[in-house]
Amino acid sequence: MERNEIRYPVGMQVFEQIIEGGYQYVDKTGLVYEMTHRYNYVFLSRPRRFGKSLLVSTLENYFKGKRELFKGLAMERLESEWNSYPVILLSLASVKERTINLIHDQINETLEYIEKQMGVATNSTSLGGRLKQLIQNTAEKYRNQVVLLIDEYDAPLLNNLDDDNDLKEVRKMMRALYAPLKDCLKELKYLFITGITKFSQLSIFSELNNLANISMLPRYGTICGITEQEMESYF
């Protein structure tokens, strides 16, 4: 008897690469559907290497309306509309510099790259102003609301935890980056933010009053990672 080999997606965090490559995917799309239809603005914290980036990639493809990638998954059965939205994916996972100027430059470069991806231009000299214009100009260009996915929002902060002075400066900069989001709610169809922990001093939590923190909700406890039951049934 010929045995079908399972292709293990070790270290893979891009949803379309897993699906198109025929790798085994533990179906989380039922929870994704439930989450995206219950909340408009969501924060989720999980430890490192726990599948946050794969979840963000899954959301990216869902909101882009790539129905073909969800064939055979729970999402195919649950979703009937498959609307497509412009998606801005802002990942700060690679921002690992230790000085305020280098962190600023890295985030600026990331925003510039996204602008080229979306085909829009901004003229603001501040990080927050640039992100705000990126969202608003994208919504105007595509004549549609924007989906904003922020992965590892707290990476610059976590890399400076051992120095109080540097941490204070980085916190100010990150607060300035996220503060303008409150002015973009009418342009945002969906906002999803991941991180390792919740920094309560950041305006992203105090000013976005309708940001749902689902990190400790039992119903979303398995939205990342793999349970023992899933391990046995999928592998």
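The paragraphs below set out a description of the structure included in this document. (Residues numbered from 1 in each chain as written. Predicted model: local features only at pLDDT ≥ 70, side-chain atom pairs only at ≥ 80, totals over all residues. Heavy atoms only, no water.)

1. Quick look at the overall build of the protein
What the protein contains, in helices and strands, is ten helices and five strands. Taking 235 residues into account, the globule formula puts the C-alpha radius of gyration at 18 Å, and the protein, at 18 Å, falls close to it. In terms of its C-alpha atoms, the protein occupies a principal-axis envelope of roughly 65 × 45 × 30 Å. Within the protein, the proportion of its 235 residues that are buried is 46%. (Helix = DSSP H or I, 4+ residues; strand = E, 2+ residues; numbered from the N terminus. Rg over C-alpha atoms; globule rule 2.2 N^0.38 Å. Buried < 20%, exposed > 50% of the residue type's maximum accessible area, 1.4 Å probe, protein only.)

2. Focus: helix 8 (residues 164-178)
Taking 1.5 Å of rise per residue, 15 residues should cover 21 Å, and helix 8 covers 21 Å from first to last C-alpha, within 8% of that figure. Three or more residues of helix 8 are buried, namely Leu167, Val170, Arg171, Met173, Met174, Leu177 and Tyr178. (Expected span 1.5 Å × (residues − 1).)

3. Points about the side chain of serine 53
Of note, serine 53 is situated in helix 3 (residues 52-63). Classification of serine 53 as buried rests on a relative accessible area of 18%. Here aspartate 151 takes part through its side chain, which lies 2.6 Å from a polar atom of the side chain of serine 53. The contacts of serine 53, once residues within four sequence positions are left out, are Gln13 and Asp151. (Polar contact = N/O pair within 3.5 Å; in protein donor to acceptor, adjacent residues only side chain to side chain. Contact = heavy atoms within 4.5 Å.)

4. Structural notes on the side chain of glutamate 115
Assignment of secondary structure puts glutamate 115 in helix 5 (residues 100-118). Of note is the side chain of glutamate 115, whose polar atom sits 2.7 Å from the side chain of arginine 130. When near neighbours in sequence (up to four residues on either side) are disregarded, glutamate 115 contacts Val120, Thr122, Arg130 and Leu134.

5. Notes on a nonpolar patch on the surface
Residues Ile6, Tyr8 and Val10 make up a contiguous nonpolar surface patch of roughly 310 Å² in combined accessible area. Its place among the elements puts isoleucine 6 in the segment before helix 1 (15-20). (Patch = residues over 30% accessible without salt bridge, like charges linked within 9 Å, V, L, I, M, F, W, Y side chains within 5 Å. Areas by Shrake-Rupley, 256 points an atom, 1.4 Å probe, with all protein chains shown as cover. Salt bridge = Lys/Arg side-chain N within 4 Å of Asp/Glu carboxyl O.)

6. Re the packing of aromatic side chains
This structure, assessed with the given rule, holds twelve aromatic pairs. One aromatic cluster is present, formed by Phe15, Tyr25, Tyr62, Phe63, Phe70, Trp82, Tyr85 and Tyr190 through successive ring pairs. A cation sits over an aromatic face here: arginine 7 above tyrosine 23, 4.3 Å from the ring centre. (Phe/Tyr/Trp six-rings, centres within 6.5 Å; stacked < 30°, edge-to-face > 60°. Lys NZ or Arg CZ within 6 Å of the ring centre and 35° of its normal.)

7. A short note on the sheet that holds strand 3 (residues 146-151)
Strand pairing in a sheet relies on backbone hydrogen bonds, with the paired strands running either antiparallel or parallel. Read from one edge to the other, the open sheet built from five strands follows the order 2-3-4-1-5, with strand pairing classed as parallel. Of all strands in the sheet, those with a lone pairing partner are strand 2 (87-91) and strand 5 (212-213), marking the two edges. Here strand 1 (residues 41-45) pairs with strand 4 (residues 188-195) via five bridges, running parallel. Along strand 4, the bridge assignment pairs valine 42 with phenylalanine 192. (Pairing = 2+ DSSP bridges.)

8. Quick word on the pattern of salt bridges
Applying the stated rule across the entire model yields nine salt bridges. The shortest N-O distance in the salt bridge between lysine 28 and glutamate 230 comes to 2.9 Å. Within this pair, whereas lysine 28 is found in the loop between helix 1 and helix 2 (29-38), its partner glutamate 230 is found in helix 10 (residues 228-234), the two being separated by 202 residues in sequence. Look at lysine 28 and you get buried, because its relative accessible area is 8%.

9. Considerations on unusual backbone geometry
Within the chain, arginine 49 stands out as a residue other than glycine whose phi angle is a positive 60°. With a relative accessible area of 73%, arginine 49 lands in the exposed category. Even without being a glycine, tryptophan 82 presents a positive backbone phi close to 55°. With respect to the helices, strands and loops of the structure, tryptophan 82 is situated in the loop between helix 4 (74-78) and strand 2.

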